[in-house]
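Here is what each chain is made of, one letter per residue.
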Amino acid sequence: MLTCPICQAQLSPVDNGLACPANHRFDRARQGYYNLLPVQHKNSRDPGDNQAMVEARRRFLDGGHYAPLAKRLAELAAERGPLTWLDIGCGEGYYTAQLAELLPEADGHALDISREAVKRACKRAPQLTWLVASMARVPLGDASCDLLASVFSPLDWQEALRLLKPGGGLLRMGPTRVHLMELRQKLYDEVRDYDDQKHLELIPAGMRLAHSETISFPLLLADAQARADLLAMTPHGWRASAERRAAVIAEDFEVTVSIRYDWIEKGSAR
Ligand SMILES: C[S@@+](CC[C@H](N)C(=O)[O-])C[C@H]1O[C@@H](n2cnc3c(N)ncnc32)[C@H](O)[C@@H]1O
């Protein structure tokens, strides 16, 4: 099912890696993932989230603060019963691993452009196919997936449309306009409004919103490491002033977690 990121032909296993008929070869890393991001498709030496961001996100998520979000994501995916699925922009794999747990029979894949992220993620669920790859050129065939997951990540909608089987869908999870509001109020004099419907305008012809739901809960941030990690794993880590960030890390506070899930289906073939 994997395709060559250079010529799009099918990849087949060769010693310790993959190759296409034109002999473009890709090694399997020691950790078990495939690097299908050729150097000519990179816009920097190490694209995507860096090691510090990946480690902050890993510590925060492993602290269980967002466990209800992952649980609902996996339930929604399992209700769809996909045979083949792909997590696009999987990061360090916290959500991916929970999807895998509720989809034990399915053929699961996950990709991220950050090698630092995939290197760690693949240890969470070695049974999946883990890829360092770009979401703009996903090395999987047309109509190959029943379900795509996109969690707090950017998305290439045309690629999503191409990858989905007719009747399949995209499960998107993203913030509502009140997500982390108390944190944002501490960091900025004027809190920028966030339009949590904007992504719906990007849904391409051939796909339609079939279901949405939100989940919200208060979260007490009672340890300084968790507060520092939450800052480091979001754009607030570099956007806010150093003084405001230090003030946030200094004191316990409660924050609203508020997330929306959208299930966006690709129309069935007639
Ligand atoms: C906010 S993080 C979310 C990670 C993970 N889904 C989670 O919620 O823990 C966004 C991820 O998208 C990845 N990313 C950004 N641009 C990408 C691209 N063009 N192709 C693949 N991944 C990309 C980043 O490396 C990062 O891991």
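Preceding this paragraph is the structure being described.
What you see is a predicted model; the values in this text were computed from it and never measured. (Residues numbered from 1 in each chain as written. Predicted model: local features only at pLDDT ≥ 70, side-chain atom pairs only at ≥ 80, totals over all residues.)

A. Up close: the site of the ligand. Residues in close proximity to the ligand total 19 residues, the closest being G48, G89, G91, I113 and S114. Of the residues belonging to the shell around the ligand, the class tally is 10 nonpolar, 6 polar and 3 charged. (Near = placed C-beta within 6 Å. Nonpolar A, V, L, I, M, F, W, Y, C, P; charged D, E, K, R; others polar.)

B. How the structure looks around the environment of P21. With respect to the secondary-structure elements, P21 resides in the loop between β2 (17-19) and β3 (25-27). In this structure P21 comes out as exposed when scored by C-beta crowding, with 11 C-beta atoms within 10 Å. Spatially, the C-alpha atoms of P21 and M1 are 14 Å apart, while their sequence positions differ by 20 residues. (Helix = DSSP H or I, 4+ residues; strand = E, 2+ residues; numbered from the N terminus. Buried ≥ 20, exposed ≤ 12 C-beta atoms within 10 Å, placed from the backbone.)

C. View of the packing of helix α1 (residues 51-62) against helix α7 (residues 224-232). α7 packs onto α1 with a crossing angle of 135 degrees between their chain directions and a minimal axis gap of 8 Å. One element, α1, and the other, α7, form an angle in the oblique class. In this structure, the crossing between α1 and α7 has a hand that is left-handed. Counted together, A52, M53, A56, R59 and F60 of α1 and Q225, A226, D229, L230 and A232 of α7 form the full contact between these two elements. Looking at side-chain class alone, the contact of α1 with α7 contains 7 nonpolar, 1 polar and 2 charged residues. (Axes fitted to C-alpha atoms, helices over the stretch in contact; angles between N-to-C directions. Parallel < 35°, antiparallel > 145°, perpendicular 65-115°, else oblique. Left-handed = near helix turned anticlockwise from the far one by under 90°. Contact = placed C-beta atoms within 7 Å.)

D. Region of the structure containing helix α2 (residues 67-80). Compared with the 20 Å implied by 1.5 Å per residue over 14 residues, the 21 Å span of α2 between its first and last C-alpha is a close match. All of the buried residues in α2 are L69, A70, L73, A74, L76 and A77. Each buried residue of α2 lies within a common arc of 160 degrees when the element is viewed along its axis, so the set occupies one face. For α2, exposure combined with an orientation more than 90 degrees from the buried face picks out E75 and E79. Phi turns positive, to about 55 degrees, at G81, one or two residues after α2. (Expected span 1.5 Å × (residues − 1). Arc of directions from axis to C-beta.)

Keep in mind that these numbers describe shape and distance, not what the molecule does.
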